Amino acid sequence: WRRRWGRPLAEVAAALGAAISGSGGGGGAGGIMEAMITVNKGKARAKAKAKGKKRREAEPQPEPEPPQPPPADPEPQFPPNFNVSEIKNKQRRQLMYQRWRRLQRKEQLASKKKRQKERVALGDKAPPKEVPKTIENQRVYDETVVDPNDEEVAFDEATDEFSSYFSRETTPMILITTSDRPRWKTVRLCVQMSKVIPNSHVYYRRGLALKKIIPQCMARGFTDLLVINEDRKVPNGLVVSHLPNGPTAHFKMSNARLAKELKRRGKEPTKHTPEVILNNFSTRLGHSIGRMFASLFPYNPQFLGRQVATFHNQRDYIFFRFHRYIFRNEKKVGLQELGPRFTLKLRSLQKGTFDSKYGEYEWVHKRHEMDSSRRKFHL
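Residue positions within a chain follow its written sequence, with the count starting from 1. Only residues with pLDDT of at least 70 get local features here, since the model is predicted, and only at 80 or more are side-chain atom pairs given and counted; chain-wide, interface and lining totals rely on the full set of residues. Calculated side-chain values reflect all of the structure's heavy atoms, with hydrogen atoms and water omitted.

### Side note on the overall build of the protein
Inference 1: Within the protein, the regular secondary structure consists of 10 helices and 11 strands.
Inference 2: Looking at the protein alone, contacts between residues at least 24 apart form 63% of all its contacts between residues at least 6 apart.
Inference 3: Residue-level accessible areas treat just the shown protein chains as cover; the underlying method is Shrake-Rupley with a 1.4 Å probe. Summed over its atoms, the accessible surface of the protein is roughly 26200 Å², and 52% of this surface lies on carbon and sulfur atoms. Strands here are runs of E lasting at least two residues and helices are runs of H or I lasting at least four, both read from the DSSP assignment and numbered beginning at the N terminus. In what follows, residue pairs with any heavy atoms lying within 4.5 Å of each other are defined as contacts.

### As for the pairing of strand β8 (residues 317-327)
Looking down a regular strand, the side chains alternate between one sheet face and the other.
Inference 1: Strands are treated as partners if at least two bridges between them are detected by DSSP. With 8 bridges joining them, strand β7 (residues 307-314) and β8 adopt antiparallel strand pairing. The residue of β8 that forms the bridge with T310 is R321.
Inference 2: The hairpin turn running from β7 into β8, its antiparallel successor, is 2 residues long, and R315 in that turn takes a positive phi close to 55°.
Inference 3: Sheet topology note: the β8/strand β10 (residues 341-350) ladder contains 4 bridges and is antiparallel. Along β10, the bridge assignment pairs Y317 with K345.
Inference 4: Summarising the sheet, β8 and strand β9 (residues 333-337) pair through 5 bridges and their orientation is antiparallel. Looking at the pairing, I326 lines up with G334 of β9.

### Side note on the side chain of S179
Inference 1: On the secondary structure map, S179 appears in the loop between β1 (174-178) and α7 (184-196).
Inference 2: Once you skip the residues sitting within four places of it in the chain, S179 turns out to touch R205, I228, N229 and E230.

### Focus on the packing of helix α5 (residues 151-159) against helix α9 (residues 284-294)
Inference 1: For helices, the fitted line uses only the C-alpha atoms of the stretch in contact; every axis is such a line through C-alpha atoms, and the angle between N-to-C directions lies from 0 to 180 degrees. Where α5 contacts α9, the axes come no closer than 12 Å and their chain directions differ by 30°. Considering the angle they form, α5 stands roughly parallel to α9. Taken as a pair, α5 and α9 cross one another with a handedness that is right-handed. Packed against α5, whose contacting residues are E152, V153, D156 and E157, the element α9 presents R284, H287 and R291 at the interface.
Inference 2: Considered class by class, the residues forming the contact of α5 with α9 number 1 nonpolar, 1 polar and 5 charged. Relative orientations are named as follows: roughly parallel for angles under 35 degrees, roughly antiparallel for angles over 145 degrees, roughly perpendicular for angles from 65 to 115 degrees, and oblique for any other angle. Handedness of a helix crossing follows the sense of rotation of the near helix relative to the far helix, less than a right angle counterclockwise being left-handed and clockwise being right-handed. Residue classes follow a fixed rule: Ala, Val, Leu, Ile, Met, Phe, Trp, Tyr, Cys and Pro count as nonpolar, while Asp, Glu, Lys and Arg count as charged, and any other residue, Gly among them, counts as polar.

### Points about the pattern of salt bridges
Inference 1: Take a side-chain nitrogen of Lys or Arg and a carboxyl oxygen of Asp or Glu: if they are within 4 Å of each other, that pair is a salt bridge. Across all of its chains, the model carries 9 salt bridges by this definition.
Inference 2: In this structure, the salt-bridge partner of E157 is R291, at a minimum N-O distance of 3.8 Å. Here E157 is found in helix α5, whereas its partner R291 is found in helix α9, with 134 residues between them in sequence.
Inference 3: Note on E157: relative accessible area 23%, which makes it partly exposed.
Inference 4: A salt bridge links E268 to K195; its shortest N-O distance comes to 3.4 Å. A residue pair is termed long-range when its members are at least 10 positions apart, and E268 in the loop between β5 (248-257) and β6 (275-279) and K195 in helix α7 qualify at 73 residues. Three exposure classes are used, based on accessible area relative to the maximum for each residue type with a 1.4 Å probe and protein chains only: buried under 20%, partly exposed in between, and exposed over 50%.

### Quick word on a positive patch on the surface
Inference 1: A surface patch of positive charge is lined by K49, K53, R55 and R56.
Inference 2: Positionally, R56 belongs in helix α3 (residues 28-58). Nonpolar side chains (Val, Leu, Ile, Met, Phe, Trp, Tyr) within 5 Å and like charges within 9 Å form the patches, drawn only from residues with over 30% relative accessible area and no salt bridge. Working convention for charge: Lys and Arg count positive, Asp and Glu count negative, and His plus the chain ends are omitted. A charge is said to be at NZ when it belongs to Lys, at CZ for Arg, at CG for Asp and at CD for Glu.

### Brief notes about a negative patch on the surface
Inference 1: A cluster of acidic side chains, namely D147, D150, E151 and E152, defines a negative patch on the protein surface.
Inference 2: Locating E151 in the fold gives a position in helix α5.
Inference 3: Overall, E151 belongs to the exposed group, its relative accessible area being 69%.

### What about the environment of Q336?
Inference 1: Looking at the secondary structure, you find Q336 in strand β9.
Inference 2: Aside from chain neighbours lying at most four places away, what touches Q336 is G266, F322, H323, R324 and I326.

### Let's talk about the environment of E230
Inference 1: Residue placement: E230 occurs in strand β3 (residues 224-231).
Inference 2: The spatial distance from the C-alpha of E230 to the C-alpha of R181 is 9.6 Å, given a sequence separation of 49 residues.
Inference 3: Once residues lying within four places of it in the same chain are set aside, the contact partners of E230 are S179, R181, P182, R183, T186, P235 and N236.

Here you go:
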């Protein structure tokens, strides 16, 4: 019925019933014909409706206009003496600070693009680039900064405790030990440092005091003593004592990483004597620390090994790295970090060998007095 008449069977039956009942039960033929005509009209309307739908789908529809974004809030104009701290409401203060920072970044970017366009237009006649302001180049003047031509500094270096090393009269021989009952990481760090520093020996502490270790080191011909301390299974301190007359330096150690903890590290270091690089030790105190580190390694490096130990001082933090350099071609050089690595911060410099009770300190780091300015450095 649905296929032939276009309507379901229930509707056709209802239409026939209404036609028969409307004729009074006697002349039913006329009512039936009217019902059939009604069903045919419904089918024709359904067909016309389907054709109109197909025609509308075939016709090209105009593309709907994309939705317009809501109008952006105009950036507020801040007065030259704007101070966000004067806003008492916390949420309002944070909102205004974010808007102020956004406006500042836009102005900086526009100024940078303008300068770049001017440099391109001027070509070779463009003015030199401005040097960015950093904490290093804004450093507070220090009267102890060493002048290379200073005769007093040259005399002091010729008569200090390291003069025998720099005059090549002694050969470094290093003893490396730890604090009592060290954990595996501290022990592994000592072993790897013995591979970095030639002619060095690792001995376990076994509860012996440093005051008893130092005379034994002198008797056996050691020139330096390195003690790596630990706290909570992590290396946190380094004591370097130059024998037999000192000085002794105490460092705080942080960010210690073994060779296996480094990504893309090179192969095991060879037994060649490495080169030593000392960066940014510019004051009298920095010169003493740099000469102490230099005296740990033999004076003449073996360039065939292409290994280099670096002590880089930046903002009084000394970064130690151990690399092997590779010549890729005539202009490019590659670096492979061999490990280990760590960061040192000088805590004190003591005259003579280690003596925590009666020792005379040449320099002690006092945090609250010396770290009042971020632009004040001591090394």
